[in-house]
Amino acid sequence: MVTKAYKTTIVRDGSMSYIPVPFDPRAVFGKARAPVKVTLNGYTYRSTIATMCGLTGIPLRRSNREAAGLEGGETLQVRLDLDTDVRRVTPPADLAKALKAAPPGWDRWRELSYSHQREYAEAIEGARKPETRGRRIAAAVRAIRARPERKR
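Each chain has its residues counted from 1, running along the sequence as written. Since the coordinates come from a predicted model, pLDDT governs what is reported: local features require at least 70, and pairs of side-chain atoms require 80 or more to be given and counted, while whole-chain, interface and lining totals use all residues. No hydrogens and no water enter the side-chain calculation; it runs on all heavy atoms of the structure.

Engineer: So what's going on with a positive patch on the surface? Which residues, and what values?
Structural biologist: Positive charge collects at one region of the surface, where R128, K129, R135 and R136 lie side by side. If you trace the backbone, K129 turns up in the loop between α5 (114–125) and α6 (130–146). Patch membership is restricted to residues that have no salt bridge and whose relative accessible area is over 30%. Joining uses 9 Å for like charges and 5 Å for the nonpolar side chains Val, Leu, Ile, Met, Phe, Trp and Tyr. In these tables, accessible area is a Shrake-Rupley quantity obtained with a 1.4 Å probe, and a residue counts as shielded only by the protein chains included in the view. By definition here, a salt bridge exists when the distance from a side-chain nitrogen of Lys or Arg to a carboxyl oxygen of Asp or Glu is within 4 Å. Lys and Arg are tallied as positive, Asp and Glu as negative. Neither His nor the chain termini are counted. Charge positions come from single atoms, namely NZ of Lys, CZ of Arg, CG of Asp or CD of Glu. Put simply, DSSP marks the helices as runs of H or I at least four residues long and the strands as runs of E at least two long, and each gets a number from the N terminus on.

The structure is reproduced here in structure tokens:
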């Protein structure tokens, strides 16, 4: 397994947080946008190294930051492991049923990236009320069906 450990300071600007990557990921992981398992304070999550505006880093979502017991601004040890596991999202059963009932919804779902599938699934699963869940499923189905077919 390819691993890189280093010390860095978590960057937080308002609600946005990220983990700086002070090395060339291509040299360590074989590609610039490498999928990695990130370990902070003993908490591990999956992400992808990204470069934006000349900065290379890893997004740190609020849910992951809080699960690791971080506020932002901490200097700590970070471990990155190349993530070679298949990335799959099992959609909530009611979303899958709605997508299959609305062609080409299910086909477009299967074309979505892992991150987009995860975002839709988490939004639906995070609904506290059945009405909210229903609205989120309807909105997801509309948005996913409207996507153009992905050229392979």
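Engineer: Quick one: what's the story with the sheet that holds strand β5 (residues 43–48), residue by residue and with numbers?
Structural biologist: When DSSP finds two or more bridges between two strands, those strands count as paired. Strand order in this open sheet of four strands is β1-β8-β4-β5, and the pairing throughout is antiparallel. Whereas interior strands pair on both sides, the edge strands pair on one side only; in this sheet they are β1 (3–9) and β5. Each strand axis lies, on average, 30 degrees off the axis of its neighbour in the sheet, ignoring direction. Where strand β4 (residues 35–40) meets β5, six bridges bridge the pair, whose relative direction is antiparallel. Bridging across to β5, V36 finds its partner in S47. With axes taken as lines fitted to C-alpha atoms, and helix axes fitted only over the stretch in contact, angles between N-to-C directions fall between 0 and 180 degrees.

Engineer: An account of the nonpolar core is requested, with residue identities and associated values reported.
Structural biologist: Judged by nonpolar contacts, the single largest core of 20 residues is most densely connected at I19, V38, L40, I58 and L80. The contact criterion used throughout is that any non-hydrogen atoms of two residues lie within 4.5 Å. Those residues within four positions of I19 in sequence are excluded, and the remaining contacts are Y6, T8, I10, V38, L40, Y45, T56, G57, I58, L60 and V78. Definition of nonpolar core: a set of buried residues of the types Ala, Val, Leu, Ile, Met, Phe, Trp, Tyr and Cys, connected through side-chain atoms within 4.5 Å. Relative accessibility decides the category of a residue: with a 1.4 Å probe and only protein chains considered, values under 20% of the type maximum give buried, values over 50% give exposed, and everything between is partly exposed. With 13 residues, the next largest nonpolar core counts L95, Y114, I137 and V141 among its residues.

Engineer: Please give an account of the pattern of salt bridges that cites residues and values.
Structural biologist: With the rule as written, the count across this model stands at 10 salt bridges. The partner of E111 in a salt bridge is R108, and the shortest N-O contact between them spans 3.7 Å. One end of the pair is E111 and the other is R108, both in helix α4 (residues 105–111) and three residues apart, which spans about a single turn. Residue classification places E111 among the buried residues on the basis of a relative accessible area of 13%. With a relative accessible area of 11%, R108 lands in the buried category. The structure contains a network of salt bridges with shared partners spanning R46, D83 and R87.

Engineer: Give me the sheet that holds strand β7 (residues 55–59): which residues, what numbers.
Structural biologist: Pairing is antiparallel across the open sheet formed by four strands, whose spatial order is β2-β3-β7-β6. In this open sheet, the two strands that pair with only one neighbour each are β2 (11–13) and β6 (50–52). Put simply, the sheet's adjacent strands are angled 45 degrees from each other on average, direction ignored. In terms of strand pairing, β2 meets strand β3 (residues 16–20) through three bridges, oriented antiparallel. Looking at β3, one finds that D13 is bridged to M16.

Engineer: Report on α6, specifying residues and quantitative values.
Structural biologist: One less than the number of residues in a helix, times 1.5 Å, gives the span that helix is expected to have. In this model α6 runs 24 Å from its N-terminal to its C-terminal C-alpha over 17 residues, within 8% of the 24 Å that 1.5 Å per residue would give. Where α6 is concerned, the buried positions are T132, I137, A140, V141 and I144. Projected onto a plane normal to the axis of α6, the buried residues spread over an arc of 165 degrees and lie on a single side. Turned more than 90 degrees away from the buried face of α6 sit R135, R142 and A146, all of them exposed. Contacts from the buried residues of α6 go to α3 (93–100), α4 and α5. What the arc measures is the spread of directions leading from the helix axis to the C-beta atoms.

Read these as layout, nothing more, since geometry by itself doesn't imply function.
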